[in-house]
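Chain by chain, the residues:
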Amino acid sequence: MIPNHLYLTNSLYNWTQNGTTTRESVQVGVAYGSDVQLVKKLLLEAASSHPQVLPDPEPAVQFINFGDSSLDFKLIFTLNDSFKAAFPKSDIRFEIDRLFRENNISIPFPQRDIHIIEPKKQ
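Residues numbered from 1 in each chain as written. Predicted model: local features only at pLDDT ≥ 70, side-chain atom pairs only at ≥ 80, totals over all residues. Heavy atoms only, no water.

(A) Seen up close, the sheet that holds strand β2 (residues 60-66). Across the sheet, three strands lie side by side as β1-β3-β2; this open sheet has antiparallel pairing. A single partner strand is all that each edge strand has here, and the edge strands are β1 (22-30) and β2. Averaged over all neighbouring strand pairs, the angle between strand axes comes to 25°, with direction disregarded. Relative to strand β3 (residues 71-79), helix α2 (residues 36-48) is tilted by about 25°, and along the sheet it contacts β1, β2 and β3. (Pairing = 2+ DSSP bridges. Helix = DSSP H or I, 4+ residues; strand = E, 2+ residues; numbered from the N terminus. Axes fitted to C-alpha atoms, helices over the stretch in contact; angles between N-to-C directions. Contact = heavy atoms within 4.5 Å.)

The following block contains the structure:
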């Protein structure tokens, strides 16, 4: 929290726009039974191929959860402009979709079983 009077009496710096890098991430779930090592390889390829992703530190992948409908992954990468991060993140999602389709990796959608029980007749 910054007290209102500090806005008038001090200099404020926007550190994000002063040349600092930011770690960003994109999360994706894949179908159970998918080759998780192939998923990791494709996610790293999607990030590394984007021109705005910095090579150092290298992109990384975390296997974050066994979800209800998917195996959940987080792709982590570094950009040098967080105010424009939405665009490279979108580009990377498009590339992930393309790579997954080429390699038969499915992104599942939630599915539920519904059991309908008829009331007993009296």
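Picking up after the structure, the text goes on.
(B) Representation of unusual backbone geometry within the structure. Residue Pro57 is bonded to the preceding Asp56 through a cis peptide linkage, with omega at 0°. With respect to the element layout, Pro57 can be found in the loop between α2 and β2. Despite not being glycine, Asn104 has its phi angle at roughly 55°, a positive value. Locating Asn104 in the fold gives a position in the segment after α3 (86-102). Under the relative-accessibility criterion, Asn104 is labelled exposed at 71%. (Buried < 20%, exposed > 50% of the residue type's maximum accessible area, 1.4 Å probe, protein only.)

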